[in-house]
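The chain contents come next:
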Amino acid sequence: MNKILEDLKLKIFRTLKNRLKIKYLIKALLIIILFASIISCEKEVEGLIVSTDHLSLEFNEQLQIKYDSDLIPDKYKEKEFKNVDYIYVNKQAITQFPFVASSRKRISGGEEFSFSGEYKDEKLHILKEVLVKSLTDYPNTLIKKVVYTNLSDEPIKITSWINDNYYFPTKSKNEKVWSFQPGTYTWRPDWVLPVTYGFFQMNYLGMNSVDFGGGIPVLDVWNKYFGLAIGHTEIVPKLVYLPILRKSEKNIEIKVLFEGKKTLLPKESFETFETFLNVHENDYFHSLQTFSKIMQEKGFIFPERQIESYEPAWSTLGLGSNFTIEQVKKTLPKLKELGFKWIEIQDGWQDNIGDWLPNPKKFPKGDEDLRTFVDYLHAEGFLVKLWITPLMASPESELAKKSQDLLLKKKKRKQIVSWWNDYYLCPAYPKTIEYSVKLVEKILIDWKFDGIKFDGQQINSVPVCTNSAHKHKYKEESVESLPNFFKIIYETAHKINPNVQIELCPCGSVFSFYNLPFTNINIASNPVSSWQIRLKGKTFNAILGEKAIYSGDYVELIDNQEDFASTIGIGGVTASAFILPEIASKNQNHSNYFLTKEKEESCKKWLGIYNQNRLSEGKYRGELYDIAFDHPETHVIEKNDTMFYAFYSKYFDGIVEFKGLQEDEDYQIINYVNNELLGKINGNRPFLTIEVKDYLLVKAKKE
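Below is a summary of the structure that appears in this document.

Conventions adopted
- Residues numbered from 1 in each chain as written.
- Predicted model: local features only at pLDDT ≥ 70, side-chain atom pairs only at ≥ 80, totals over all residues.
- Heavy atoms only, no water.
- Helix = DSSP H or I, 4+ residues; strand = E, 2+ residues; numbered from the N terminus.
- Rg over C-alpha atoms; globule rule 2.2 N^0.38 Å.
- Buried < 20%, exposed > 50% of the residue type's maximum accessible area, 1.4 Å probe, protein only.
- Contact = heavy atoms within 4.5 Å.
- Areas by Shrake-Rupley, 256 points an atom, 1.4 Å probe, with all protein chains shown as cover.
- Lys, Arg positive; Asp, Glu negative; His and termini not counted.
- Charge placed at Lys NZ, Arg CZ, Asp CG, Glu CD.
- Axes fitted to C-alpha atoms, helices over the stretch in contact; angles between N-to-C directions.
- Parallel < 35°, antiparallel > 145°, perpendicular 65-115°, else oblique.
- Left-handed = near helix turned anticlockwise from the far one by under 90°.
- Polar contact = N/O pair within 3.5 Å; in protein donor to acceptor, adjacent residues only side chain to side chain.
- Disulfide = S-S within 2.5 Å.
- Expected span 1.5 Å × (residues − 1).
- Pairing = 2+ DSSP bridges.
- Core = buried A, V, L, I, M, F, W, Y, C linked by side-chain atoms within 4.5 Å.

### Concerning the overall build of the protein
No. 1: Looking only at helices and strands, the protein features 11 helices and 38 strands.
No. 2: For the protein, the C-alpha radius of gyration of 29 Å lies close to 27 Å, the compact-globule estimate for 703 residues.
No. 3: Along the three orthogonal principal directions, the C-alpha set of the protein runs to about 105 × 70 × 55 Å.
No. 4: For the protein, buried positions account for 58% of its 703 residues.
No. 5: Nonlocal contacts in the protein, meaning residues at least 24 apart in sequence, comprise 69% of its contacts between residues at least 6 apart.
No. 6: With an accessible surface of roughly 30600 Å², the protein has 49% of that area assigned to carbon and sulfur atoms.
No. 7: Taking the average location of the 91 positive side-chain charges in the protein and that of its 93 negative ones, the two points are 5 Å from each other.

See below:
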């Protein structure tokens, strides 16, 4: 209709120019009035649908929404319209907005639909416009933003808004449903959890304690037939909730929630964050892939794979902060024998957190002794990485005493990272960035390290900052500026050494998506189980794709202190913090880390398997198996013309399908741990009986 009006306007001017007769002008104006009347009455509710190849949203006369997909079995189809996008004004929910208009227009990559409605009572008059993008490259996803305009005569106070309030259907309270949970908590829960009856988690992406916060802004819930995912696609971290609640036998409630007071003056508008709905088959791998692709189109670029990061790493962590230089030197022959290439110098090398000067007990001559030590390790053939905890300062440090303007404050109070009992530094403050850049330059140029490990949960997210010295535009600037802090650090490091390894280890947090472009090795980060190693590996591969290099962290941290199979089987890089018992002091009696004869044999075997296959250099095929519903749990790595399958179960004996094989091709199924032929299959009938005790690692090799 808009195009028709423009054409008519053009005809009017041509008429005026050519004839200049009043009767033609009157005729043209009457035609415009007629069409304007038609457009103003265009309130047809039937057919208010926006769709992609596999997902649709239908609106009713109150702008309520019903979702549908050809991927959803009929028995799970949504039958009722629901309040999906709405606001709270003075803590009162405004949910229904009678329809007034709709439109559509072409945009880059697809179409954008607009659906408008108005709420009106004695005091309030609010216009709501729902903008939905249907993009050709995203056949399973619809992206939307909601705009609210105050048409009242007086200001209104919005206290919160909700987008994508959907209900995932269930047939009984015992039906099995799984989820990907984006929130970070002190108890370090699994990122992938079953959603049992009564389950509830708020998934706040701000700080859930003084130390722990941030995450990946995607919530996914699925059964064995299909899944739904929601989230936001803003280019900086936002303080939103992605709550999930299962209190009904019929459904599981999910939504995007933002709590924050905002006053809208008359005729003033505000926009919600851009959010999305995704429908998929199998587990959450697809939704994270889709989210990552959307964000990459917005400018997120992940580092290319770096060959040095594929090498196994050893850390002084097991020795503790009282490690000695002599202990490290005595460990070198064993590291060479076993095949470790990286040495990580952990906590204890420094005088304190904040000043970051060499510990005088270990390095009496300061910088000179530390540089000499690094030179020695290089001469022995090792790459060397230094551990630090950025954005922190010990109260005893000179930095905290003399540069208090760097501190992050909330309501004039210094914020504490409780794990170390140290002060936060504000990542948005230019002087914090300047200080941190100089530290990186010192580590890489003066001390000649090959990499830096940035450790601590405080690197995942920070509290809001109200330090008046920083002159923030708004208190959330500290939160939103954290990724830019690491961007500057990463670019500084790579300008010094293009091959530098930058590792971010947020200590059990759900890794902030926004920091991922600024690290070139991803780590399980203090896993509490082998299951966490595997699910985190799948998560990083979904987001980073073929750019992912993943480490399962120190093998001593998890099940039996020697589960190399969980890291190697999913394409991870091995790491250890073992201690040679003969060099340990009395206060280093960390028996879990002792390299006994049995553990040494195991370590030698598994590093041999790792180096022989180098699955970390392959392609993770996370779309083939559902981590929750396929049994046994299965992961696949494709490398060259061979498919490597990793099966995990306490015990399994039965037939499995080897997905992803080429049709008409014959394959040998070989246990590559002990080089045993288990059988032969064809890509047309890829089934074989196997037995799994904890794990089974095999490769399908073409005959």
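Anyway, onward from the coordinates.
### Some details on the packing of helix α7 (residues 430–446) against helix α8 (residues 477–496)
No. 1: Contact pair α7 / α8: the axes reach a minimum separation of 10 Å and the direction vectors enclose 30°. Comparing their axes, α8 and α7 come out roughly parallel. The chirality of how α7 crosses α8 is right-handed. In this structure, α7 uses T432, I433, S436, V437, V440, E441, L444 and I445 to contact α8, whose residues at the interface are F485, I488, I489, T492, A493 and I496.

### Remarks on the environment of R614
No. 1: Take R614: it is sitting in the loop between α11 (597–613) and β33 (619–620).
No. 2: Take R614: its relative accessible area is 12%, and that puts it in the buried class.
No. 3: Between the alpha carbons of R614 and I568 there is a distance of 8.5 Å; along the sequence they are 46 residues apart.
No. 4: With residues up to four places along the chain from it excluded, the contact list for R614 reads Y310, E311 and K639.
No. 5: Of the polar contacts made by the side chain of R614, one reaches the side chain of E311; its length is 3.2 Å.

### Thoughts on the state of the cysteines
No. 1: One pass over the full model with this rule turns up 0 disulfides.
No. 2: C426 takes part in no disulfide bond, and the closest cysteine sulfur to it belongs to C465, at a distance of 4.0 Å.
No. 3: Residue class for C465 comes out buried when judged on its relative accessible area of 1%.

### Details of the environment of K659
No. 1: Inspection of the secondary structure puts K659 in the loop between β35 (642–657) and β36 (666–671).
No. 2: Accessibility expressed as a relative area gives 23% for K659, which makes it partly exposed.
No. 3: From its side chain, K659 meets the backbone oxygen of L624 in a polar contact 3.4 Å long.

### What about α11?
No. 1: Compared with an ideal rise of 1.5 Å per residue, which puts 17 residues at 24 Å, α11 spans 25 Å between its outermost C-alpha atoms and is within 8% of the ideal.
No. 2: Of all the residues in α11, the buried ones are K599, E600, S602, C603, W606, L607, I609, Y610 and N613.
No. 3: Check the buried side of α11 and you find it contacts α4 (325–338), α10 (564–569), β32 (573–576), β34 (633–639), β35 and β38 (687–702).
No. 4: One or two positions beyond α11, positive phi appears at R614, with a value near 45°.

### Digging into the sheet that holds strand β29 (residues 501–505)
No. 1: Here we have 8 strands laid out as an open sheet, ordered β29-β28-β22-β21-β20-β32-β31-β30, and parallel in their pairing. Since the sheet does not close on itself, it has two edges, and those belong to β29 and β30 (522–523), each with one partner.
No. 2: With 2 bridges connecting them, strand β31 (residues 550–554) and β32 associate as parallel partners. Opposite Y554, over in β32, you have A575 as the bridge partner.
No. 3: Seen against the sheet, helix α9 (residues 530–544) touches β30 and β31 and runs at an angle of roughly 155° to β31.

### Thoughts on the nonpolar core
No. 1: I345, W349 and F513 are the most contacted members of the largest nonpolar core, which has 135 residues in total.
No. 2: Not counting the four nearest positions on each side in its chain, W349 is found in contact with F323, W356, L357, P358, N359, K362, F363, L370, L386, W387, I388 and W447.
No. 3: One finds I65, W161, V221 and I230 within the second-largest nonpolar core, a separate group that totals 53 residues.

### A short note on the side chain of Q327
No. 1: If you trace the backbone, Q327 turns up in helix α4.
No. 2: Beyond its immediate chain neighbours, meaning those up to four positions away, Q327 contacts L319, N322, I583, A584, S585 and Q588.

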